[in-house]
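Chain by chain, the residues:
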Amino acid sequence: MASIRFDGVRVVYPGTARPAVDGVTLEISSGTLAVLLGPSGCGKTTLLRTVNRLQPVESGRIEIDGQDTAALDPIALRRRIGYVIQAVGLFPHLSVAQNVAVVPNLLGWPRERADARVDELLAQVSLEPATFRSRYPSQLSGGQQQRVGIARALAAEPQILLMDEPFGAVDAIVRASLQRETRRLQRRIGATILFVTHDVDEALELADLLVIMRDGRVEQRGRPAAILAHPATPFVAELTGAGDAFRRLGVTTLGELAAARAASAQAPAAAESGEIPSLAPGATLREALGAMLASGAQRVRITGDGGESSTLDVGELWRALRSQDADGRG
Amino acid sequence: MSWLAGHAGIILSRTLEHLALAGISFTIALAIAVPLGVFAARRRRVGLPLIAALDAVYTIPSLALLAMLIPVLGLGFWTAVTALVAYAQIILVRNVISALESVPPWMVDAARGLGMTPLQILARVELPIGVPVAIAGARVAAVSIIAIASVAAWIDAGGLGALIFDGIERQDIRLIAAGTFGIAAIALVADAALRVLERRLTKRGAG
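Bear in mind the structure is a predicted one, so any value in this text is a computation, not a measurement.

A. Spotlight on the overall build of chain B. Along the backbone of chain B there are eight helices and zero strands. For chain B, the α and β elements follow one another from N to C terminus as α-α-α-α-α-α-α-α. Along the first, second and third principal axes, the C-alpha set of chain B runs to 70 × 40 × 20 Å. For chain B, buried positions account for 44% of its 207 residues. Pairs at least 24 apart in sequence give 75% of the contacts found in chain B among residues at least 6 apart. Accessible surface computed for chain B: about 10,500 Å², of which carbon and sulfur atoms make up 71%. Distance between charge centres in chain B, computed from 16 positive and 11 negative side chains, equals 11 Å.

B. Structural detail: the interface of chain A and chain B. Taken together, the contacts link 23 residues of chain A with 20 residues of chain B. Ionic pairing is found between R49 of chain A and D109 of chain B, a salt bridge with its closest N-O pair at 2.7 Å. Counting every contact that joins chain A to chain B gives five residue pairs in polar contact (both at pLDDT 80 or more). Elements with a contribution of two residues or more to the side of chain A that touches chain B: α2 (74-79), β6 (81-85) and α4 (102-106) of chain A. Grouping the amino acids of the side of chain A that touches chain B by side-chain chemistry returns 13 nonpolar, five polar and five charged.

C. Local environment of the pairing of strand β7 (residues 160-164) of chain A. All names here are of chain A. Along β7, five of the five residues are buried, which leaves the element largely enclosed by surrounding structure. Side chains I160, L162 and D164 project from β7 onto one buried face, and the interleaved L161 and M163 project onto a second face that is buried too. Across five bridges, the pairing between β6 and β7 is parallel. Residue pairing across strands places G82 opposite L161, the latter belonging to β7. By the bridge criterion, five bridges tie β7 to strand β8 (residues 192-197) in an arrangement that is parallel. Paired with D164 across the two strands is V196, which belongs to β8. With helix α8 (residues 172-189) bridging β7 and its parallel neighbour β8, the resulting β-α-β unit is right-handed.

D. Structural detail: the nonpolar core. Residues and elements named next belong to chain B. If you look at the biggest cluster of nonpolar residues, it comprises 50 residues, and the most contacted ones within it are L21 and L92. Elements supplying a minimum of two residues to this core: α1 (2-42), α2 (44-59), α3 (62-73), α4 (77-101), α6 (118-148), α7 (161-170) and α8 (173-206). Considering every element that reaches this core, the biggest residue donor is α4, with 14 residues. Not counting the four nearest positions on each side in its chain, L92 is found in contact with A29, L30, A33, G137, A138 and A141.

E. Structural detail: the layout of surface pockets. In this structure, the largest pocket spans a volume of roughly 890 Å³. The wall of the largest pocket is formed by 30 residues, among which L204, E205, L206, G250 and T284 of chain A lie closest to the centre. Ranked by residue count, the leading element in the lining of the largest pocket is α8 of chain A, at eight residues. Classifying every residue of the lining of the largest pocket by side-chain character gives nine nonpolar, seven polar and 14 charged. Shared between two domains, the lining of the largest pocket takes at least three residues from each, and those domains are domain 1 (4-241) and domain 2 (247-323) of chain A. Taken as a whole, the second largest pocket holds about 260 Å³ of empty space. What lines the second largest pocket is a set of 18 residues, among which L30, V34, V131, A134 and I135 of chain B lie closest to the centre. If you list the elements that add at least two residues to the lining of the second largest pocket, you get α1, α4, α6 and α8 of chain B. Among the elements that take part in the lining of the second largest pocket, α6 of chain B stands out by supplying seven residues, more than any other. For the lining of the second largest pocket, the per-class residue count stands at 15 nonpolar, two polar and one charged.

What counts, and at which threshold
- Residues numbered from 1 in each chain as written.
- Chains lettered and ligands numbered in written order.
- Predicted model: local features only at pLDDT ≥ 70, side-chain atom pairs only at ≥ 80, totals over all residues.
- Heavy atoms only, no water.
- Helix = DSSP H or I, 4+ residues; strand = E, 2+ residues; numbered from the N terminus.
- Buried < 20%, exposed > 50% of the residue type's maximum accessible area, 1.4 Å probe, protein only.
- Contact = heavy atoms within 4.5 Å.
- Areas by Shrake-Rupley, 256 points an atom, 1.4 Å probe, with all protein chains shown as cover.
- Lys, Arg positive; Asp, Glu negative; His and termini not counted.
- Charge placed at Lys NZ, Arg CZ, Asp CG, Glu CD.
- Salt bridge = Lys/Arg side-chain N within 4 Å of Asp/Glu carboxyl O.
- Polar contact = N/O pair within 3.5 Å; in protein donor to acceptor, adjacent residues only side chain to side chain.
- Nonpolar A, V, L, I, M, F, W, Y, C, P; charged D, E, K, R; others polar.
- Pairing = 2+ DSSP bridges.
- Right-handed = clockwise from strand over helix to strand, strands pointing away.
- Core = buried A, V, L, I, M, F, W, Y, C linked by side-chain atoms within 4.5 Å.
- 1 Å grid on protein atoms, 1.4 Å probe; cavity = no way out; pocket = protein on both sides within 12 Å on 5 of 7 lines; lining within 4 Å.
- Points joined across faces, edges and corners; volume = space filled by probe spheres on them.
- Domains from an automatic or database assignment.

Here you go:
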């Protein structure tokens, strides 16, 4: 597993007065999908690139699992960190299989092991290995290219994955499916992901930890629902559209709401009723409202893994959105 | 026709000399230009004056350059090779630089991010991607070498230029024509061969 810690990281580009990254201290625990969100020029990509030392730092340190990366060989460091960029970065003169096998080959894996890994990864990113293995990047759609880019980044089983606006160049439908697959892959391999985007919806969709940056500094960090409920500055409120109840509807989960409710000791017991929809605590308020509208019921049942359940009615949902107290601090 | 039959032997041996002169010069020129070009592309401060110097060599008329080399290297084949290699440098070095510059920066960034060493980036990404551009320059260099090699006969290096010089001396238009057409044919064949190579390598890159 791999945690990342930034400690007072500062980057100044030669010939510029203002630092691109200005004293960022941030901890990303192992297995977290952290999203760096901010406008162009806020330093999010620069900060990402300090992790695999593509970007040298002026001062401060970056630790992976408590180890200062400045003490490591940068080449070896990069080979154990997956890297996906917006331009995809596939090599046009290499086939899909050769692209995916770049890092295994650099690491000197035997041929059979690399070949097997290529097929396994292509299947994981929903590309039929027999069909795609020997194609060239120019024969793939934008979405397929990005899938190959992700497979290549995952090839050597990295514990850390850096993704720099990876879905910026694909259309909305493909982006949504790539986002879902990113979450799915991340849960399966348990890697720590640092993901850069300027797309608020993408950030809210993906983030376990949302880090909002401005002018090289961290403006606010926290769970998406918490940031939407309590934006620390007007900048954060405006950037995230925190005033938009529909946005909160989409990021606040039933579990978070139930926890907040339990904290204020007003949890009603699960009511007996045959026809009310049942949802997992991970479902969002948007999904709960949708289920109510679809079934005609005015409440949903929240059923946990352990079988415990409670209900949420439309009035509570209404109050939660109005009072902004569904902040997921539970 | 009987003239041609009578001179087939000399025409053939002059053609072989010309091929050897141009082929050896081209190979040596390439072997020097690739590392030189990579170096010049990496170190701009050294690269720019280097290009200026090579440009200056290119402006020296070929006869004058040969004349300048005689006191140092004497007459003969290798003196001609030296001059041809020097001429080809500016074309080839410039092209190796443009070939490297034709590689998009994001591709180099991706290669670095995956953990390639600078040498691996050069060998596995920059040179293969830049090859079509580099070959376009190699074509120009090859044709120049083949043409300028005609002058080499003047310093006893042989080649088809010798037929032309003999023709001028004996006022025999047939010798001059044989030399001229021979040189043109070699240049056309070399150009076509490199063009085919260029197209094949470009096709692979484009899928």
